[in-house]
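If you want the building blocks of each chain, they are given just below.
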Amino acid sequence: MTALGGLGPRDRGDVLEPPGRGRRSRRSGQGALRSTAIAFASTFVFFGVLAWVAVNSSGWPLVQQSFFNGALFAESLPDIAAAFWVNVQLFFIAEILILVLALVIAVLRSIPGPVLFPLRLLSTIYVDVFRALPGVLIIYILGFGIPGLNVEGVPTDPFFYAVIALTLIYSAYVSEVYRAGIDSVHPSQSAAARSLGLSQWQALRYVVLPQAIRRVIPPLLNDFIGLQKDTVLVSYIGVVEIFRQSQITEAAHFNYTPYLATALVFLVMTIPLARFTDWLVARDRRRAAANR
Amino acid sequence: MTSRGDAAGDAAAALRIVGLRKSFGTLEVLRGIDLRLVEHEVVCLIGASGSGKSTLLRCVNLLEPIDEGRIFVEGEEITAPGVDVDRIRRRIGIVFQSFNLFPHMSVLDNVTLAPRRVLKLSRADADAQAFELLRRIGLDDKAREFPDRLSGGQQQRVAIVRALAMHPDLLLLDEVTSALDPELVAEVLSLVRELALGGMTMLIATHEMGFARDIASRVCFLDAGRILEEGPPEQIFRAPREERTQRFLQRVMEAGRL
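Computed from a prediction, not measured in an experiment: that's the story for all the values here.

A.B. asks: Quick one: what's the story with the interface of chain A and chain B, residue by residue and with numbers?
C.D. replies: Contacts between the two partners involve 22 residues from chain A, matched on the other side by 31 residues from chain B. Of the roughly 2,100 Å² buried between chain A and chain B, counting both surfaces, carbon and sulfur atoms make up 60%. If you look at where chain A meets chain B, you find 1 salt bridge. Note that B:Asp86 and A:Arg194 form a salt bridge whose closest N and O atoms lie 3.1 Å from each other. For the pair chain A and chain B, the number of links is 7 residue pairs in polar contact (both at pLDDT 80 or more). With 7 residues, helix α7 (residues 187–195) of chain A is the largest single contributor of residues to the side of chain A that touches chain B. Of the residues that constitute the side of chain A that touches chain B, the class distribution is 9 nonpolar, 10 polar and 3 charged.

Structure representation (structure tokens):
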């Protein structure tokens, strides 16, 4: 056995790093304060000038009247907020169904074995088809087509078809996200589990999936953001949700302010989720770097 | 399911491999391996990288499908068609070069996963057994830690304990010290030595020649997918008959590993 312990890279690091790191951080501490101040000042000036130019341009009163009508904004907001509740319900119900259905599809596609071939084929076709088609098309076909068959016992509620359509559209994407996660878990993990006598399903359930899902949480959240916005697409089949409501108000007043109110609602809802996702991604990257 | 054919005649053999062949594509990695281990025997496989040591171990654990030949564990043919591989693997533990602990589980859960899910032990029983095993290797205080908080040597010892928790009849060790920093090798080898003294039947692929000489009841020199020479360690290391064995040991010695 060799005994070269004292020459490891760790020892070198211990000697060299601390003084260097300390000096750098002190200097960057003062520098950071100064850059922040400059950034604040330049941002203030930049946006100030931009706003001044906009407000003083010749078309501004017209724009203000058509898009930023304060009175109409206040009047339309309660209806719009109430209609948004429909989007929220759509989002949560569809999201839960998507998370389950997509996982089932991803797992089906990951399990080898000739017996499951028909199911693998079916899920592959499903993913291919639903990723290829425009969402609006699917919403139309389901929302108008199926109730139009007038078959006894088939639901006619557009909300029902809205949920089904969004679930089918998004499960195709989300199953691919899951599958990427499953593929990213090194085969040696599965081998270790199988070598202990765990069945294929147990290895997947206890060893592969927990690691896979943890890794794909940021991309999953990204898809949630997309879904949150795409809930407005179901307005096409007669679900009175936030976009449909703002259209109704807009048509009544010939004024675009209700759309701005709707935009504001989405900004308030989506930006925090997007920021949270970014933060998760950055944290995972830091952790991966720390473990290396 | 149990087939007791000609080759299986001796149920006394803990492991018997007959005419094992395995290819990856056009590359023939194992070209007719015959090997027999009796209970409590420790056999070390030595040989250059690529000689087939790891593949042989993975075949015995049924992690690789074999092309030809038969493998018997205590008289039962495990390569027979329709055999329940999960049941077989329960009896054969394997420890890998790269530890392969489950990073999302605590040390305790790593050790108790298979006893709980496969042997259906209660959480309390599985925990008690795991703590006992971890105490024996001095890592019971790390039971709640995650693997990435442990040194490589500690991780590998946990991996060994994880295999032991299934009470295997046979333990396969696949170059278990090759991924370790030199100063961490000793703790793992001393655990393996303890297991050998305790009577564990083991098939060990290793580059640690000193260790092999020390611990093995028999040493097999693998060359290009065949067992070229086998015998007691004194004979293999002091008076190898085959020229290739001599050359291999010469190179090992020049590298200061013997």
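A.B. asks: Give a detailed account of the sheet that holds strand β7 (residues 170–174) of chain B, specifying residues and quantitative values.
C.D. replies: Residues and elements named next belong to chain B. Here we have 6 strands laid out as an open sheet, ordered β6-β7-β8-β3-β9-β10, and mixed in their pairing. The two strands at the open ends of the sheet, each matched to only one other strand, are β6 (92–95) and β10 (226–231). The average undirected angle you get between the axes of adjacent strands in this sheet is 20°. Pairing geometry for strand β9 (residues 218–223) and β10, over 5 bridges, is antiparallel. Its bridge partner being in β10, Cys220 is matched across the sheet by Glu230. Lying over the sheet, helix α5 (residues 152–164) contacts β6 and β7, oriented at roughly 170° with respect to β6.

A.B. asks: A description of the nonpolar core should follow, citing residues and the corresponding values.
C.D. replies: Among the nonpolar cores identified, the biggest contains 50 residues, and B:Ile46, B:Leu134, B:Leu171, B:Met202 and B:Ile204 are the most heavily contacted of them. Take this core: its biggest share by element is 8 residues, from helix α6 (residues 182–197) of chain B. Discounting residues that sit within four places of it in the chain, B:Leu134 has contacts with B:Val107, B:Val111, B:Leu139, B:Asp140, B:Ala143, B:Val158 and B:Val161. Judged by nonpolar contacts, the second largest core, of 45 residues, contains A:Ala192, B:Leu37, B:Val60 and B:Val118.

So, how was this worked out
Each chain carries its own residue numbering, running from 1 in the direction its sequence is written. Lettering of chains starts at A and numbering of ligands starts at 1, both following the order in which they are written. In keeping with the predicted nature of the model, local features appear solely for residues at pLDDT of at least 70, side-chain atom pairs appear and are counted solely at 80 or more, and the whole-chain, interface and lining totals rest on all residues. Excluding hydrogens and water, the side-chain values take into account all heavy atoms of the structure. Throughout, a residue-residue contact means that at least one pair of heavy atoms, one from each residue, lies within 4.5 Å. Summed over both partners, buried area is the accessible surface (1.4 Å probe) that two parts give up on being assembled. Salt bridges, as used here, are contacts in which a Lys or Arg side-chain nitrogen is within 4 Å of a carboxyl oxygen on Asp or Glu. Two N or O atoms form a polar contact when they lie within 3.5 Å of each other; inside protein one atom must be a possible hydrogen donor and the other a possible acceptor, and for residues adjacent in sequence the pair counts only when both atoms belong to side chains. Comment: elements are numbered from the N terminus, with helices defined as DSSP H or I runs of at least four residues and strands as E runs of at least two. Any residue that is not Ala, Val, Leu, Ile, Met, Phe, Trp, Tyr, Cys, Pro, Asp, Glu, Lys or Arg is counted as polar, Gly included; the first ten are nonpolar and the last four charged. A pair of strands counts as paired when DSSP detects no fewer than two bridges linking them. Each axis is a line fitted through C-alpha atoms, taken for helices only over the stretch in contact, and angles between the N-to-C directions span 0 to 180 degrees. Put simply, a nonpolar core is a bunch of buried Ala, Val, Leu, Ile, Met, Phe, Trp, Tyr and Cys residues held in one set by side-chain atoms that sit within 4.5 Å of each other. Burial here depends on accessible area, computed with a 1.4 Å probe over protein chains only, as a share of the maximum for the residue type. Under 20% is buried, over 50% is exposed, and the range in between is partly exposed.

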